[in-house]
Amino acid sequence: MSLSGKTALITGSTSGIGLGIAKEFAAHGVNIIMNGFGDPEVIEQNRVFLESHDVRAVYNDADMTKPDEITAMVEVAEEEFGSIDILVNNAGIQHVSPIEEFPPEKWDDILAISLSSAFHTTRAALSGMKKSGWGRIINICSAHGLVASPYKSAYVAAKHGLLGFTKTVALEVAQDNITCNAICPGYVFTPLVESQIADTAKARGMTEEEVVRDVLLAAQWTKKFVTTEQIAGIALFLCSDIAENITGTDLKVDGGWTAA
Ligand code: NAD
């Protein structure tokens, strides 16, 4: 079955992995609801680029910490496109700090953006998917949904929770032609990661090559970053007919990190 003419809502798609998925889906004829923050000019350039694939792309600035804005975004999208066929819960932030110093408001934001927003989008989008008789939900989780690292308490807790949510949704809608899966990347080379390399090199007195090999990719056995294109390709695969029996699972794309 072709994905052409379907519609995907991708949270946090103004940058990195979300934008990569938006480009891949648009290239396969999928209309896109972009979401996330950033420079309005850059967002508009990316929106126009998506439309160069002969699809419609609209931007919605809903804040994933605000349930009302999330529900309104889904409603507007359904009015405009009929239904949301593909939902990608991707928005995320990080904060690194020991638990005693972890700001409670950062804990709340990370839980809201990386876990609760997936509940709010899914809750709002499911009835439309059931009505149309087809749906794909993809939660961008992390290797940190399966294993922990110190100083990332909120992120690890949120991503572990997101995996539990993924499995529950999968069971509830298993007979509705809707699948729900998580993709668990290791380190992906996004602007977010790129910007940490020079800073870490300076802070630790290391070369940038040493930071990449011994700090960022210490747990990634391939010693290679995952790319946004690889994650996008896997998201596309999960929307294909061949993947219709893959549901409630976590696809690890982590260079062997969680195999060790
Ligand atoms: P990124 O910073 O490039 O993109 C994050 C996106 O989320 C941006 O579009 C941003 O505007 C959006 N966002 C942040 N707060 C928001 C809010 N309150 N409301 C709406 N949108 C908001 O980061 P990325 O690396 O592309 O990360 C995307 C997802 O992938 C995240 O869930 C992250 O946890 C996950 N992930 C990333 C990596 C990695 O190494 N980069 C690894 C594993 C998992």
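Residue numbering note: each chain is counted from 1, following its sequence as written. Given that the model is predicted, a residue must reach a pLDDT of at least 70 before its local features are reported, and side-chain atom pairs must reach 80 or more before they are shown or counted; all residues, however, enter totals for whole chains, interfaces and linings. The side-chain values count all of the structure's non-hydrogen atoms but skip hydrogen atoms and water molecules.

Q: Tell me about the overall build of the chain, residues and numbers included.
A: Helices and strands together make up the secondary structure of the chain, namely 8 helices and 7 strands. With respect to the three principal axes, the spread of C-alpha positions in the chain is 55 × 40 × 35 Å. Out of the 260 residues in the chain, the part that is buried amounts to 49%. The contact rule is simple, with two residues in contact once any of their heavy atoms fall within 4.5 Å. Contacts in the chain between residues at least 24 apart in sequence constitute 70% of all its contacts with a sequence separation of at least 6. Working note: accessible area of the chain is about 12,200 Å², and carbon and sulfur atoms make up 53% of it. Positive and negative side-chain charges of the chain, numbering 19 and 33 respectively, have mean locations separated by a distance of 5 Å. Where helices and strands are cited, they refer to DSSP runs of H or I of at least four residues and of E of at least two residues respectively, numbered from the N terminus. Exposed residues in this analysis have more than 50% of their type's maximum accessible area, buried residues have under 20%, and partly exposed residues fall in between, with area computed by a 1.4 Å probe over protein chains only. To measure how exposed things are, a 1.4 Å probe is used in the Shrake-Rupley method; for residues, cover is taken only from the protein chains shown. Charged residues are defined here as Lys and Arg on the positive side and Asp and Glu on the negative side; His and the ends of the chain fall outside this count. One atom stands in for each charge, and that atom is NZ of Lys, CZ of Arg, CG of Asp or CD of Glu.

Q: Quick rundown of the nonpolar core? Include the residues and the values.
A: In terms of nonpolar packing, the biggest core is built from 31 residues, with I21, F25, I32 and I231 touching the most fellow members. Contributions of two or more residues to this core are made by strand 1 (7-10), helix 1 (16-27), strand 2 (31-35), helix 2 (40-51), strand 4 (86-89), strand 5 (135-140) and helix 8 (228-238). Counting residues per element, this core draws most heavily on helix 1, which supplies 6 residues. Leave out the neighbours within four places in its chain, and I231 touches I17, I21, I140, I183, P185, V188, V226 and V253. Take the buried Ala, Val, Leu, Ile, Met, Phe, Trp, Tyr and Cys residues and link them wherever side-chain atoms come within 4.5 Å; each set so joined is a nonpolar core. Counting 30 residues, the second largest nonpolar core, distinct from the first, contains M73, A118, V169 and C180.

Q: Kindly report on the layout of surface pockets, identifying the contributing residues and their values.
A: Quantified by volume, the largest pocket comes out at close to 1,400 Å³. What lines the largest pocket is a set of 46 residues, among which I93, Q94, Y155, L192 and V193 lie closest to the centre. Side-chain classes follow a simple rule in which Ala, Val, Leu, Ile, Met, Phe, Trp, Tyr, Cys and Pro form the nonpolar group, Asp, Glu, Lys and Arg form the charged group, and the remainder, Gly included, forms the polar group. Across the lining of the largest pocket, the residue classes tally to 23 nonpolar, 19 polar and 4 charged. Approximately 180 Å³ is the volume found for the second largest pocket. In this analysis, the protein atoms alone were mapped onto a 1 Å grid. Cavities are point sets where a 1.4 Å probe fits without being able to get out; pockets are open sets with protein on both sides within 12 Å along at least five of seven lines; lining residues have an atom within 4 Å of a point. In terms of lining, the second largest pocket is formed by S15, G16, L19, G20, K23, E24, P191, T228, E229 and A232. Grid points are joined across faces, edges and corners, and a volume is the space filled by probe spheres set on the points.

Q: Tell me about the pattern of salt bridges, residues and numbers included.
A: What counts as a salt bridge is simple: a side-chain nitrogen of Lys or Arg found within 4 Å of a carboxyl oxygen of Asp or Glu. Using the criterion set out here, one finds 6 salt bridges in the structure. In this structure, R47 and E44 form a salt bridge, with 2.9 Å as the shortest nitrogen-oxygen distance. Of this pair, R47 and E44 both sit in helix 2, separated by 3 residues, roughly a single helical turn. The exposure class assigned to R47 is buried, which follows from its relative accessible area of 18%. For E44, a relative accessible area of 37% translates into the label partly exposed. Here D250 ties to K252 by a salt bridge, and the two come within 3.0 Å at their closest N and O atoms. Three or more residues joined by partner-sharing salt bridges are found here, namely E44, R47 and E51.

Q: Would you mind going over the packing of aromatic side chains in detail, with residue names and values included?
A: Two rings from Phe, Tyr or Trp (for Trp, the six-membered ring) form a pair when their centres sit within 6.5 Å of each other. Planes less than 30 degrees apart are called stacked, planes more than 60 degrees apart edge-to-face, and all others tilted. One pass over the full model with this rule turns up 3 aromatic pairs. Ring centres 6.4 Å apart and planes at 75° place the aromatic pair F119 and F165 in the edge-to-face group. Of this pair, F119 sits in helix 4 (residues 104-132) while F165 sits in helix 5 (residues 153-172), and the two are 46 residues apart along the sequence. Residue F119 is classed as partly exposed on the basis of its relative accessible area, which comes to 41%. In this arrangement the basic side chain of K6 is found over the ring face of W134, its NZ or CZ atom lying 4.4 Å from the centre. Remark: a charge is flagged as sitting over a ring if the NZ atom of Lys or the CZ atom of Arg is within 6 Å of the ring centre and within 35 degrees of the ring normal. The ring of F49 has K23 lying over it, and the distance from NZ or CZ to the ring centre is 5.7 Å.

Q: I'd like a description of the packing of helix 4 against helix 5, backed by residues and values.
A: For the pair helix 4 and helix 5, the least separation of the axes is 8 Å and the interaxial angle reads 10°. As the angle between them shows, helix 4 and helix 5 are arranged roughly parallel. The way helix 4 lies across helix 5 gives a crossing that is right-handed. For the pair formed by helix 4 and helix 5, the contact residues are W107, I110, L111, S114, L115, A118, F119 and T122 on the first element and S153, A154, Y155, A157, A158, K159, G161, L162, F165 and V169 on the second. Helix axes are fitted to C-alpha atoms over the stretch in contact, other axes to C-alpha atoms as well, and angles between N-to-C directions run from 0 to 180 degrees. Orientation is classified from the angle alone, with under 35 degrees giving roughly parallel, over 145 giving roughly antiparallel, 65 to 115 giving roughly perpendicular, and any other angle giving oblique. By convention, the crossing between two helices is left-handed when the near helix turns anticlockwise from the far helix through less than a right angle, and right-handed when the turn is clockwise.

Q: Give a detailed account of the sheet that holds strand 4, specifying residues and quantitative values.
A: Within the open sheet, the 7 strands sit side by side as 3-2-1-4-5-6-7. Their pairing is parallel. Strand pairing shows two members of the sheet lacking a second neighbour, strand 3 (57-60) and strand 7 (250-253), which therefore form its edges. Here the average twist between neighbouring strands, direction ignored, is 15°. Alignment of strand 6 (residues 178-185) against strand 7, held across 4 bridges, turns out to be parallel. Bridge pairing links P185 to V253 in strand 7. Contacting strand 2 and strand 3, helix 2 crosses the sheet at an angle of about 155° to strand 3. Along the sheet face, helix 4 touches strand 4, strand 5 and strand 6 and points at about 175° away from the line of strand 4. Strand pairing is assigned whenever DSSP detects at least two bridges linking the two strands.

Any functional reading would require information beyond the geometric quantities listed.
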